Amino acid sequence: MSAPTAVLFDVPGPRARARNTVAGAVTLAVVLALLGVIVWRLAATGQLDARVWEWVLYENVQLAILDGLVKTLQAFATGAVLALALGALLALGRLSDHRPLRSACSGFVELFRAVPLVVLMFLFYYGLPSAGVTVSTFVAVVLGLMLYNGAVLAEVFRAGVLAVPRGQSEAAYALGMRKSGVMRFVLLPQAVRSMLPSIVSQLVVLLKDTALGFLITYPELLFQAQFLGSNASLGSPLIPVALVVAAIYITLCLLLSALANWLERRSRRNPAVIAIAIERPDDA
Amino acid sequence: MDVLFGNLGEFLTRFGGTIALFVCSAIASLILGVVLAAMRVSPVPAMRATGTVYVTLLRNTPLTLVLFFFALGFTKLFFYLPFFLLAVIGLSLYTAAFVCETVRGGISTVSEGQAEAARALGFGFTQTLTLVVLPQAVRSVMPPLTSVQIALLKNTTVAAGFSVFEAGGFYRAVNERGGSTLVALLWVALGFIVLVIPLTVLQRRLEKRWSVSR
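Residues numbered from 1 in each chain as written. Chains lettered and ligands numbered in written order. Predicted model: local features only at pLDDT ≥ 70, side-chain atom pairs only at ≥ 80, totals over all residues.

## Quick word on the overall build of chain B
Okay, so step 1: A count of helical and extended segments in chain B gives 10 helices and 0 strands.
Okay, so step 2: Of the regular secondary structure in chain B, the N- to C-terminal order runs α-α-α-α-α-α-α-α-α-α.
Okay, so step 3: A total of 214 residues make up chain B; the buried ones form 48% of that total.
Okay, so step 4: Across chain B, the fraction of contacts at a sequence separation of at least 24, relative to all contacts at a separation of at least 6, is 72%. (Helix = DSSP H or I, 4+ residues; strand = E, 2+ residues; numbered from the N terminus. Buried ≥ 20, exposed ≤ 12 C-beta atoms within 10 Å, placed from the backbone. Contact = placed C-beta atoms within 7 Å.)

Next up, the structure:
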């Protein structure tokens, strides 16, 4: 971002420098004031007292949070694997030469991209029992994650395959490969390499979406946070627990985001990877 | 059908709530997002740092956690606000981070000559940005910006998990009257599809009409 940024303003002269210093000081003051108000309110409402932070030391509480973390990661891992598989299948379907298959897959993708993930999870967990099928919260969360992110990933994969230069598939056909061979040995490997950063960013979205499991009482991190936070014998430390849980989520997501950025930088260095500028699918 | 028509008033009121929540949050998030984007490209290091930290934090926090804080923690810490306002604040703060990144991406698509010409005319940073670069940047990112707003529309359902005024909570009302939860939720899903379609059409229209020929 440095190049386009630097284009927007001249090298500051003495007056601009003074103005920038003032603007910087004002920004800093506003940020500090906001932080100050938050800390003041935290202290004034007793959220910084030792009493509501005692739970950090209790082994049971630590284990409960660890259990929540494991449940979050379980939902993430299962959901990610299934979403990737579903995404690949749907992408293949949308790229197929057979029209019925193509339109069916397109319809499926459009449908599950339009329905909010929360509604999907509610459907599986609260809705299916009316039809006589009962699923566990874990299954409801994973199914929702799979269908929604699978639909999004299908678009990513498809964009990646379409971005491979046509000469590649033409050359493969000229060598006598079949459709499946062209896809498996020529198009997909190149597509996956160029789409890897986008795929990992979508996995960050998936990780964040596991927190929706809280709304259908799947015992993941946020659910544990509410459970511990309403425990009167610990002093109802809702805000302290929420702060700790937020730190855990942010760390996990930052690690994954860092992986995505690293992959992107690496692929930019490598001339063998097709340079394509496709929107990273990180729209919330 | 009975589930829908027996509770039509309820259904429409709740979707009205969804739309109100969406419109308020969309406007607030667009304004805040553009301001953040301007901060992130400004000549003042403190502003750039603030913007970066804000975007990094909010983009890597689950929306559920943001709304969890606003629904359960805000009143404890500060003062009472109706949940609708809290939901608008939470959704706007979260979505603004994505709007900021999209607009910033748009700023980098505007060719350098534009900003250079503006500077040659004696424009300062604010003028260059608001009169020359941003108008072109926003036009070029209309499609992804609409995607962000469509995501916001769907994200309003997360608020339903904490309160009842919104479409996502329709199934509970139906359930209390002994109707089928499954059917109620299917109607809610259909309602969202119906809401998303016009936005997608608008997105395609804007893409065609506003695309800048460079």
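## Description of the interface of chain A and chain B
Okay, so step 1: Counting residues at the interface gives 48 residues for chain A and 54 residues for chain B.
Okay, so step 2: Elements with a minimum of two residues in the side of chain A that touches chain B: helix 1 (2–7), helix 2 (14–44), helix 5 (117–127) and helix 10 (238–269) of chain A.
Okay, so step 3: Per element, the largest residue contribution to the side of chain A that touches chain B is 10 residues, and it comes from helix 10 of chain A.
Okay, so step 4: Of the residues belonging to the side of chain A that touches chain B, the class tally is 35 nonpolar, 8 polar and 5 charged. (Nonpolar A, V, L, I, M, F, W, Y, C, P; charged D, E, K, R; others polar.)

## Observations regarding the environment of Ala120 of chain B
All names here are of chain B.
Okay, so step 1: One can find Ala120 in helix 6 (residues 112–120).
Okay, so step 2: C-beta crowding within 10 Å serves as the criterion here: with 10 such atoms nearby, Ala120 is assigned to the exposed category.
Okay, so step 3: In the structure, Ala120 is positioned 35 residues away from Asn155 in sequence and 44 Å away in space, judged by C-alpha atoms.

## A short note on the confidence of the model for chain A
Okay, so step 1: Mean pLDDT over chain A works out to 82, with 92% of the residues at or above the 70 mark.
Okay, so step 2: Within chain A, the element-level pLDDT minimum falls on helix 1 of chain A, averaging 53, and the maximum on helix 7 (residues 166–174) of chain A, averaging 90. (pLDDT = per-residue confidence, 0-100.)

## Some points on helix 9 (residues 221–229) of chain A
Okay, so step 1: The element helix 9 of chain A is largely enclosed, with a buried count of 7 among its 9 residues.
Okay, so step 2: All buried positions along helix 9 of chain A are accounted for by Leu221, Leu222, Phe223, Gln224, Ala225, Leu228 and Gly229 of chain A.
Okay, so step 3: Where helix 9 of chain A is buried, its residues meet helix 3 (59–94) and helix 10 of chain A together with helix 4 (63–77) of chain B.

## Some thoughts on the packing of helix 5 of chain A against helix 6 (residues 137–163) of chain A
All names here are of chain A.
Okay, so step 1: Contact pair helix 5 / helix 6: the axes reach a minimum separation of 9 Å and the direction vectors enclose 140°. One way to sum up the angle between helix 5 and helix 6 is to call them oblique. Crossing angle aside, the handedness with which helix 5 passes helix 6 is right-handed. Counting all contacts with helix 5, which are made through Leu117, Leu120, Met121, Phe124 and Tyr125, the residues of helix 6 involved are Thr137, Ala140, Val141, Leu143, Gly144, Leu147 and Tyr148.
Okay, so step 2: Its residues assigned to classes, the contact of helix 5 with helix 6 comprises 10 nonpolar, 2 polar and no charged. (Axes fitted to C-alpha atoms, helices over the stretch in contact; angles between N-to-C directions. Parallel < 35°, antiparallel > 145°, perpendicular 65-115°, else oblique. Left-handed = near helix turned anticlockwise from the far one by under 90°.)

## A word on the environment of Leu203 of chain A
Residue and element names in this part refer to chain A.
Okay, so step 1: Looking at the secondary structure, you find Leu203 in helix 8 (residues 179–209).
Okay, so step 2: Between the C-alpha atoms of Leu203 and Ala77, which are 126 residues apart in sequence, the distance is 9.6 Å.
Okay, so step 3: If sequence neighbours within four positions are ignored, Leu203 has contacts with Ala80 and Leu256.

## Points about the nonpolar core
Residue and element names in this part refer to chain A.
Okay, so step 1: Val119 and Met121 are the most contacted members of the largest nonpolar core, which totals 133 residues.
Okay, so step 2: If you tally residues by element for this core, the top one is helix 6, at 15 residues.
Okay, so step 3: Met121 has contacts with Ala140, Val141, Gly144, Leu212, Leu215 and Ile216, leaving out every residue within four places of it along the chain. (Core = buried A, V, L, I, M, F, W, Y, C linked by C-beta atoms within 7 Å.)

## Considerations on the environment of Val245 of chain A
Okay, so step 1: With respect to the element layout, Val245 of chain A can be found in helix 10.
Okay, so step 2: Distance from Val245 of chain A to Gln224 of chain A, taken between C-alpha atoms, is 9.2 Å for residues 21 residues apart in sequence.
Okay, so step 3: With sequence-adjacent residues up to four places away left out, Val245 of chain A is seen in contact with Leu221, Leu222 and Ala225 of chain A together with Leu65 of chain B.

## Quick word on the confidence of the model for chain B
Okay, so step 1: On average, residues of chain B score 81 in pLDDT, and 88% of them reach the 70 mark or higher.
Okay, so step 2: Listed scores for the predicted complex are pTM 0.83 and ipTM 0.79.

## Here's the deal with the packing of helix 10 of chain A against helix 4 of chain B
Okay, so step 1: At a minimum axis distance of 10 Å, the contact between helix 10 of chain A and helix 4 of chain B shows a crossing angle of 155°. Classed by the angle they form, the pair helix 10 of chain A and helix 4 of chain B counts as roughly antiparallel. Two packed elements cross with a definite hand, and for helix 10 of chain A against helix 4 of chain B that hand is left-handed. Each of Leu238, Ile239, Ala242, Val245, Ala246 and Tyr249 of chain A in helix 10 of chain A lies in contact with helix 4 of chain B, whose residues at this interface are Leu65, Phe68, Phe69, Leu72, Gly73, Lys76 and Leu77 of chain B.

## Examining unusual backbone geometry
Okay, so step 1: Its identity as a non-glycine residue notwithstanding, Thr217 of chain A has a phi of 60°, on the positive side.
Okay, so step 2: With respect to the helices and strands, the residue Thr217 of chain A is situated in the loop between helix 8 and helix 9.

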